[in-house]
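The lines below spell out each chain.
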Amino acid sequence: MPTARHALDAVTLDDVLSLDLDRGVASLDLARTAFVDAYALTGLACFVASAARDGLVVRVVLPEDPDVRSWLSRMHLADVLEAFDVHVVGDLPRVIERDRRDALIELQRFKDAHGSDRLASFVWERLEGGADGEVVNQLFEATGELGANVVEHAGSPSGGFVTAQRYKAGTSDERIIVAVGDAGIGIRESLRPRFGDMTDDTAIRRAVQWHVSRVPDEGRGQGLPGIVDGVRGLNGTVWIRSGVALRTITRRRQMTVGVSRLPGTIVGARLPCRPGR
Amino acid sequence: MSTLIAPKLVSSRDQARELTASLPGDLSGTVVMVDCSALQASTPSFVDELVKAVLVDRRGRHLVIKAAPERTVELARRAAQNRGVGDRLEIG
């Protein structure tokens, strides 16, 4: 359990998740959370969906900070909590949703290719003009490819989740994070029938190589490596979490850290809005 | 020649299959042109499926990609090369 107020992102997401399998309870303790980024919000939704699918009671403690509670409400976390019948400690306030269509895409769920297509188009429509064209294009491609991966390969009955947000608007550090996740079988299990047993880290490393796909077709295996190449080329960051591994990829480095097991896959990209300036 | 009109945004393989669904099963000797005048963005998967549907599955004589964004052209060239049909892709 976190003891100090802290920010929740791809790397710190584990800090608030816990499983008590003896009692059949999955807990998500956001009490001391001061900030939740788009990747972490998608991860929270995947954790909830996974625990609910496994028949666990899901218990969520909401942030003490009213601003963070308001933000979670604005990002439509309540829809996911309600959909999976989560026991919530505390209330998410009702917030007036002033138009921030250029700054965020609330947590959304999709279940099929049409849903994935709609979300990719939604990303384009919402972010067009809010960043350089190549950035918006890369985010469109990433959302489309990652959404398709969920639908085609993830084996996730609850479908997938997507969130995006623009940060530090108007500054030279302005950036966008988009994340797509699911509570499915994960990359390792997806690749295993064709490539054999391997660790989660190895599976992620293979999945970002060109033409590696569970489908034996010469045109497959372009989605994830294309995203990694594109995001690195724009000086961004990619996070891929699957099973017990979280791999962070930037232009200069790639590293994997161990994380708690979270069924499924969460892929996020952070891009500067104007990388050429 | 058969002509298809690409919409503004295309992402999934399903969309490529839907776009080409009206084409005959055998396109031997037929040129297929995809008018991309309205297209603003596409994904690698959509473009690969389009190339596969026209040049591989239906054995089209040529696939002409007309007025497409630079990125879509790049993806089409890559897809056609991956599938060994680069000589039957034309950029218009």
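For the structure itself, consult the block above.
Residues numbered from 1 in each chain as written. Chains lettered and ligands numbered in written order. Predicted model: local features only at pLDDT ≥ 70, side-chain atom pairs only at ≥ 80, totals over all residues. Heavy atoms only, no water.

(A) Geometry of the packing of aromatic side chains. Residue and element names in this part refer to chain A. With the rule as written, the count across this model stands at four aromatic pairs over all chains. With centroids separated by 5.8 Å and ring planes inclined at 65 degrees, the aromatic side chains of Tyr39 and Trp239 adopt a geometry described as edge-to-face. Here Trp239 lies in strand 10 (residues 237-249) and Tyr39 lies in helix 1 (residues 38-53), a separation of 200 residues in the sequence. The exposure class assigned to Tyr39 is buried, which follows from its relative accessible area of 0%. Seen in terms of ring centroids, Phe84 and Phe161 are 6.4 Å apart; in terms of plane orientation they differ by 55 degrees. Their pairing is tilted. You can see Phe84 sitting in the loop between helix 3 (77-83) and strand 6 (87-89) and its partner Phe161 sitting in strand 8 (residues 160-167), a full 77 residues away along the chain. (Phe/Tyr/Trp six-rings, centres within 6.5 Å; stacked < 30°, edge-to-face > 60°. Helix = DSSP H or I, 4+ residues; strand = E, 2+ residues; numbered from the N terminus. Buried < 20%, exposed > 50% of the residue type's maximum accessible area, 1.4 Å probe, protein only.)

(B) Local environment of the side chain of Ser190 of chain A. Position of Ser190 of chain A among the secondary structure elements: in helix 6 (residues 186-195). Ser190 of chain A sits in the buried class, given a relative accessible area of 12%.

(C) Broad picture of the packing of helix 5 (residues 133-153) of chain A against helix 8 (residues 223-233) of chain A. Residue and element names in this part refer to chain A. Running from N to C, helix 5 and helix 8 cross one another at 160 degrees; their axes reach a closest spacing of 9 Å. Viewed along their axes, helix 5 and helix 8 adopt a mutual orientation that is roughly antiparallel. Handedness of the crossing formed by helix 5 with helix 8: left-handed. Judged by residue contacts, Gln138, Ala142, Glu145 and Leu146 of helix 5 engage Gly223, Leu224, Gly226, Ile227, Gly230 and Val231 from helix 8. Across the contact of helix 5 with helix 8, the residue classes tally to five nonpolar, four polar and one charged. (Axes fitted to C-alpha atoms, helices over the stretch in contact; angles between N-to-C directions. Parallel < 35°, antiparallel > 145°, perpendicular 65-115°, else oblique. Left-handed = near helix turned anticlockwise from the far one by under 90°. Contact = heavy atoms within 4.5 Å. Nonpolar A, V, L, I, M, F, W, Y, C, P; charged D, E, K, R; others polar.)

(D) Here's a closer look at the pattern of salt bridges. Residue and element names in this part refer to chain A. On inspection of all chains with the given rule, the structure shows 28 salt bridges over all chains. For Glu106, the salt bridge is made with Arg126, and the minimal N-O distance between the two is 3.3 Å. Taken together, the residues span a long stretch of sequence, with Glu106 in strand 7 (residues 104-110) and Arg126 in helix 4 (residues 113-127) at a distance of 20 residues. Exposure class is identical for Glu106 and Arg126. Each is buried. Between Glu152 and Arg220 there is a salt bridge, with its nearest N and O atoms 2.8 Å apart. A residue pair is termed long-range when its members are at least 10 positions apart, and Glu152 in helix 5 and Arg220 in the loop between helix 7 (200-207) and helix 8 qualify at 68 residues. Looking at Glu152, the relative accessible area reads 31%, which means it is partly exposed. (Salt bridge = Lys/Arg side-chain N within 4 Å of Asp/Glu carboxyl O.)

(E) Up close: the nonpolar core. All names here are of chain A. One finds Leu28, Val36, Leu41 and Leu44 to be the most contacted residues of the largest nonpolar core, which totals 45 residues. By residue number, the principal contributor to this core is helix 1, which donates 11 residues. Sequence-distant contacts of Val36, that is, excluding residues within four places in its chain, are made with Leu8, Leu41, Leu44, Val68, Trp71 and Leu72. Listed in part, the 44 residues of the second largest apolar core include Ala207, Ile227, Ile240 and Ala269. (Core = buried A, V, L, I, M, F, W, Y, C linked by side-chain atoms within 4.5 Å.)

(F) Expanded view of empty space enclosed by the protein. Considering all chains together, one arrives at two cavities of 30 Å³ or more under this definition. Taken as a whole, the largest cavity holds about 500 Å³ of empty space. Of all the secondary structure elements, the ones that give two or more residues to the lining of the largest cavity are helix 5, strand 9 (175-182), helix 6, helix 8 and strand 11 (254-272) of chain A together with helix 2 (44-57) of chain B. With seven residues, the single largest contributor to the lining of the largest cavity is helix 5 of chain A. A breakdown of the residues in the lining of the largest cavity according to their chemical character gives 14 nonpolar, 12 polar and six charged. Among the secondary structure elements, those contributing two or more residues to the lining of the second largest cavity are helix 2 and helix 3 (70-82) of chain B. Here the element with the most residues in the lining of the second largest cavity is helix 2 of chain B; it accounts for three residues. (1 Å grid on protein atoms, 1.4 Å probe; cavity = no way out; pocket = protein on both sides within 12 Å on 5 of 7 lines; lining within 4 Å. Points joined across faces, edges and corners; volume = space filled by probe spheres on them.)

(G) Molecular detail of helix 2 of chain B. Residue and element names in this part refer to chain B. Here helix 2 lies mainly inside the structure; 12 of its 14 residues are buried. The set of residues buried in helix 2 consists of Pro44, Ser45, Phe46, Val47, Asp48, Glu49, Leu50, Val51, Lys52, Ala53, Val54 and Leu55. Directly beyond the C-terminal end of helix 2, a positive phi value near 55 degrees is found at Arg59.

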